[in-house]
Amino acid sequence: MDIKEFIRNFADLFDDTDASLITLDTKFRDLDEWSSLLALSTMSMIDEEYDVQLSADQMRNANTVQDLIDVVNTAE
Amino acid sequence: MAFLSIPNVKIVGVAAAVPKEKKIVSELECFADQAEAERTIAQTGIVESRLAPEGMVCSDYCYEAAKQLIEKLGWEKESIEALIYLSVSRDYIEPNTATVIQGRLDLPKSCYTIDVPMACSGYCIGLSVIGSLMSLGCMKRALMLVGDTPSKIMSPLDKTLWPIHGDAGTATALEYDPEAKPMLFNVMSDGKQKDAIIAYASGVRKQVTEEDLKMVKEDEGIIRNNTHVKMDGMGVFSFTMSQVPKCIKAMMENFGIEAEKTDYLLLHQANKYIDEKIRKKLKFTEEQTPYCLEEFGNTSSGTIPMTMVTRIANQLRKGHHSMVMSGFGAGLSMAAVYLETDSIEVLPLIEI
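Keep in mind the model is a prediction, meaning the values are calculated, not measured.

**Structural notes on the interface of chain A and chain B**
Tallying the contact residues gives 13 residues for chain A and 12 residues for chain B. In total, chain A and chain B occlude about 1100 Å² of area from one another, counting both sides; carbon and sulfur atoms represent 62% of this. Interface area lost by chain A to chain B is led by Leu-40, Asp-47 and Gln-53 of chain A, which between them contribute 37%. Inspection of the chain A/chain B interface yields three salt bridges. The partner of Asp-232 of chain B in a salt bridge is Arg-60 of chain A, and the shortest N-O contact between them spans 3.1 Å. The interface formed by chain A and chain B holds six residue pairs in polar contact (both at pLDDT 80 or more) in total.

**Here we look at unusual backbone geometry**
All names here are of chain B. Between Glu-94 and Pro-95 the backbone carries a cis peptide bond, its omega angle lying at 5 degrees. A cis geometry characterises the amide bond from Gly-331 onward to Leu-332, with omega recorded as 0 degrees. Here Leu-332 shows up in the loop between β15 (320-329) and β16 (333-342). A positive phi angle, near 60 degrees, is found at Asp-106, a position not held by glycine. Along the chain, the position of Asp-106 falls in the loop between α3 (97-104) and β6 (112-115). Asp-106 sits in the exposed class, given a relative accessible area of 55%.

**A short note on the environment of Gln-43 of chain B**
Here Gln-43 of chain B lies in helix α1 (residues 34-44). Using a relative accessible area of 30% as the deciding quantity, one classes Gln-43 of chain B as partly exposed. Through-space distance from the C-alpha of Gln-43 of chain B to that of Tyr-176 of chain B is 42 Å; in sequence the pair is 133 residues apart. When neighbours within four sequence positions are excluded, Gln-43 of chain B is seen to be in contact with Leu-37 of chain A together with Asn-271 and Tyr-273 of chain B.

**A word on the packing of aromatic side chains**
Geometrically, a pair of aromatic rings is defined through the distance of the ring centres and the angle of the planes. What the rule picks out here adds up to eight aromatic pairs over all chains. Judged by centre distance (6.4 Å) and plane angle (45 degrees), the rings of Phe-10 of chain A and Trp-34 of chain A are tilted. In this pair, Phe-10 of chain A sits in helix α1 (residues 3-11) while Trp-34 of chain A sits in the loop between α1 and α2 (36-50), placing the two residues 24 residues apart along the sequence. For the residue pair Phe-10 of chain A and Trp-34 of chain A, the accessibility class agrees, reading buried in each case. With centroids separated by 4.6 Å and ring planes inclined at 45 degrees, the aromatic side chains of Phe-28 of chain A and Trp-34 of chain A adopt a geometry described as tilted. Trp-34 of chain A gets classed as buried once you look at its relative accessible area, which sits at 15%. By the ring-pair criterion, three or more aromatic residues cluster together here, those being Phe-10, Phe-14, Phe-28 and Trp-34 of chain A. The ring of Trp-162 of chain B carries Lys-23 of chain B above its face, with NZ or CZ at 4.3 Å from the centroid. Positioned above the aromatic ring of Tyr-63 of chain B is the side chain of Arg-104 of chain B, whose terminal nitrogen or guanidinium carbon lies 4.1 Å from the ring centre.

**Overview of the pattern of salt bridges**
When their charged atoms lie close together, side chains carrying opposite charge are able to pair. Overall, the coordinates contain 23 salt bridges over all chains when judged by the stated rule. Of the charged contacts, one joins Asp-47 of chain A and Lys-281 of chain B as a salt bridge, the two residues approaching to 2.9 Å between their closest N and O atoms. Residue Asp-47 of chain A is found in helix α2, and its partner Lys-281 of chain B is found in helix α7 (residues 272-282); the two belong to separate chains. The partner of Glu-48 of chain B in a salt bridge is Lys-22 of chain B, with the nearest N and O atoms 3.6 Å apart. Of the two residues, Glu-48 of chain B sits in strand β4 (residues 48-50) while Lys-22 of chain B sits in strand β3 (residues 22-24), which places them 26 residues apart along the sequence. Overall, Glu-48 of chain B belongs to the buried group, its relative accessible area being 15%. One salt-bridge network, in which partners are shared between bridges, spans Asp-57 and Arg-60 of chain A together with Asp-232 of chain B.

Cut-offs used in this document
Residues numbered from 1 in each chain as written. Chains lettered and ligands numbered in written order. Predicted model: local features only at pLDDT ≥ 70, side-chain atom pairs only at ≥ 80, totals over all residues. Heavy atoms only, no water. Contact = heavy atoms within 4.5 Å. Buried area = accessible area lost by both parts, 1.4 Å probe. Salt bridge = Lys/Arg side-chain N within 4 Å of Asp/Glu carboxyl O. Polar contact = N/O pair within 3.5 Å; in protein donor to acceptor, adjacent residues only side chain to side chain. Helix = DSSP H or I, 4+ residues; strand = E, 2+ residues; numbered from the N terminus. Buried < 20%, exposed > 50% of the residue type's maximum accessible area, 1.4 Å probe, protein only. Phe/Tyr/Trp six-rings, centres within 6.5 Å; stacked < 30°, edge-to-face > 60°. Lys NZ or Arg CZ within 6 Å of the ring centre and 35° of its normal.

Structure (structure tokens):
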């Protein structure tokens, strides 16, 4: 998987957060803009771009961008 | 895989009844502010729905829809051999609401009555039940009453559920016909996710105590008690995105149904964003996929017949049409159906 592209795809989901704030180690739940809607958008993006369907538990257990990438990589 | 092919049964008429009173999403008290209300409208596509007043419940709307449909079809009461009531909004846990309605409609004692308490997968599951009962020719005419009054089982202070649901009751009339094209199904269950949509203290598993009736603030904008339905939004979202398109696709592939050769895709409507994702995955066009949730909200098992009555009634009254339907929800339960109709009776929406 192209990691830079994943980070870009993820950062694109945010309306008010600067892309530079989103890195592999970013704890996205700590971001001001984070909401349950963004969680759903993340699941949706991963489904559309990577054809991987996260379970609710997998989404809840991920805390950093790296965590998300790991889940996607394990699934593929 | 639960692939079913049920011959000899066809839909001949559909009617729907809704409350007159409207519930306008942007005006609801459960939201923290107007911005929150706007976000919900944008995300779900739901602008308003109908709200049953005190004393009116799902069976009342189904009863009215059935009464008017029987009259329009010119059916003698004595000829109605089965009535199934498909809803989680039953008058009582005991006795069956179907039987209560048989009494109200004064149908013969020989009428076969059962409840099938399914939620959002209900219309499709209901067709598999009534279809199976009629297919052998032992019953020539039947009614399937489908709907829900979520307003009676959800908390008005729950911003995740109250704004998006609406009340409705519908009636579908079916006949035995050896010439009818078979109804084709794929029905699936996932009980391991029973907690995704559940009202804990609503049956015998958890007897209702005073504690269960206390309204508890679970989170900002979510105040409800243990008898109210609650939903794990993320769990349902994941399920809907992954399992539902697969269920529908499997049905279509198994029976050789092609999206471009099908007139309509009628999906259960809880959230337009999700439905659009399903539609695109299945390669149906916007023109093939009517919605009515913006005006009536998520009426649980009622969304499919409500769409037939309020969005494509004129089309269904004239000529031959094919459709793929899919309902999915509490259980978790999901079903996909393919069926064809020919100049069916569709009553104008009843508002009472």
